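So the chains spell out like this:
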Amino acid sequence: MKPREMIKEKGNLWIFGYGSLVWKPDFAYKRSKVGFIKGYKRLFWHGDTFYRGDKEKPGRVVTLVEDQESCTWGVAYEVTDSQIEESLQHLNTREVVMGGYITKMVEFIPKEKGQGALLALVYIATSDNPIYLGPASDKEIAAQIATCRGNTGHNMEYLVRLAEFMRLDCPEVNDEHLFSIEAAVLNILPT
Ligand SMILES: N[C@@H](CCC(=O)N[C@@H](CS)C(=O)NCC(=O)O)C(=O)O
């Protein structure tokens, strides 16, 4: 289904972010909610040859891998009918054209009690993507993040901002993969 076909009857669309979108949405939206999606694990398994890396030294950014035991925490943004065209245009260029992500629909569960689940659009990079990097040890991923930079800045900023979001907005969640890579990067840096 095309994103426009996923728009609810009243014309608003929810978009779930779990990487740079949690701290740098850069598109117009009406409101946002912190929460999670079930059945996916956030992993630094996608390459980035534009924003946080380049063709010679691709950076590492996050994608989602299906895992029934896992949940991924992030932010859902409600985009109104009048904002949708421009917001989807921004995301299509940033995520699909430049980032190699595809779109899927997922069920988003808000953190705030008593709020119902929402259908949300999410951008995922799958393993058949040409810049997909796949699994590597925390040490290898950390070494790559510590030395890469691209058109919007250092790959470390991408990691640290995401870890900061999780600590501030989801303090009760232990994202082992994220925090072990952050620790491995801090271990590499000169004291
Ligand atoms: N789709 C994920 C990841 C998005 C993401 O990190 N995309 C990269 C493109 S590869 C990006 O927009 N980077 C902008 C930046 O790092 O400044 C999300 O929902 O947050």
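Quick caveat: nothing in here was measured; it's all calculated off a predicted structure.

Draft legend 1. Layout of the packing of helix H3 (residues 138-147) against helix H4 (residues 155-169). As a packed pair, H3 and H4 sit with axes 6 Å apart at the nearest point and diverge in direction by 115°. Only Asn-155, Met-156 and Leu-159 of H4 make contact with H3, whose side of the interface consists of Gln-144, Ile-145 and Ala-146. Partitioning the contact of H3 with H4 into residue classes produces four nonpolar, two polar and no charged.

Draft legend 2. How the structure looks around the state of the cysteines. In this structure the tally under the stated criterion is zero disulfides. Of all cysteine sulfurs in the structure, the one in Cys-170 sits closest to Cys-71, which takes part in no disulfide; the separation is 11 Å. Residue Cys-71 is classed as partly exposed on the basis of its relative accessible area of 41%.

Draft legend 3. Highlighting the environment of Leu-118. As for its position among the elements, Leu-118 is in strand E5 (residues 118-124). In sequence terms Leu-118 and Glu-107 are 11 residues apart; their C-alpha atoms lie 5.6 Å from each other.

Draft legend 4. Up close: the nonpolar core. Ranked by internal contacts, the top residues of the largest apolar core, which has 52 residues, are Ile-15, Tyr-18, Phe-44, Ile-145, Met-166 and Leu-178. Here this core gets eight residues from one element, more than from any other, and that element is strand E3 (residues 59-79). Those residues in contact with Ile-145 that lie beyond four places of it in its chain are Phe-44, Arg-60, His-154, Asn-155, Met-156, Leu-159, Ile-181 and Val-185.

Draft legend 5. Just the pattern of salt bridges, in detail. In the structure shown here, the tally under the stated rule is eight salt bridges. Of the charged contacts in the structure, one is a salt bridge between Lys-104 and Glu-66, with a shortest N-O distance of 3.3 Å. Here Glu-66 lies in strand E3 and Lys-104 lies in strand E4 (residues 102-110), a separation of 38 residues in the sequence. Ionic contacts of the salt-bridge type, sharing partners, join the residues Arg-52, Glu-157 and Arg-161 into one network.

Draft legend 6. Quick peek at the packing of H4 against helix H5 (residues 176-188). One can describe the packing of H4 onto H5 by two numbers: an axis separation of 10 Å at closest approach and a directional angle of 130°. Regarding the angle of H4 to H5, the classification is oblique. When the axes of H4 and H5 are compared, the crossing they make is left-handed. Judged by residue contacts, Met-156, Leu-159, Leu-162, Ala-163, Met-166 and Arg-167 of H4 engage Leu-178, Phe-179, Ile-181, Glu-182 and Val-185 from H5.

Draft legend 7. Quick peek at the confidence of the model for the protein. Per-residue pLDDT for the protein averages 94, and the proportion of residues at 70 or more is 95%. With pTM at 0.93, the complex prediction returns an ipTM value of 0.95.

Draft legend 8. Summary view of the layout of surface pockets. Its boundaries defined by the atoms lining it, the largest pocket holds a volume of some 300 Å³. What lines the largest pocket is a set of 25 residues, and nearest its centre among them are Ser-20, Tyr-51, Arg-94, Glu-95 and Tyr-158. Secondary structure elements with two or more residues in the lining of the largest pocket: helix H1 (20-23), strand E2 (31-48), E3 and helix H2 (81-97). Considering only residue class, the lining of the largest pocket consists of 11 nonpolar, eight polar and six charged.

Thresholds applied
Residues numbered from 1 in each chain as written. Predicted model: local features only at pLDDT ≥ 70, side-chain atom pairs only at ≥ 80, totals over all residues. Heavy atoms only, no water. Axes fitted to C-alpha atoms, helices over the stretch in contact; angles between N-to-C directions. Helix = DSSP H or I, 4+ residues; strand = E, 2+ residues; numbered from the N terminus. Contact = heavy atoms within 4.5 Å. Nonpolar A, V, L, I, M, F, W, Y, C, P; charged D, E, K, R; others polar. Disulfide = S-S within 2.5 Å. Buried < 20%, exposed > 50% of the residue type's maximum accessible area, 1.4 Å probe, protein only. Core = buried A, V, L, I, M, F, W, Y, C linked by side-chain atoms within 4.5 Å. Salt bridge = Lys/Arg side-chain N within 4 Å of Asp/Glu carboxyl O. Parallel < 35°, antiparallel > 145°, perpendicular 65-115°, else oblique. Left-handed = near helix turned anticlockwise from the far one by under 90°. pLDDT = per-residue confidence, 0-100. 1 Å grid on protein atoms, 1.4 Å probe; cavity = no way out; pocket = protein on both sides within 12 Å on 5 of 7 lines; lining within 4 Å. Points joined across faces, edges and corners; volume = space filled by probe spheres on them.

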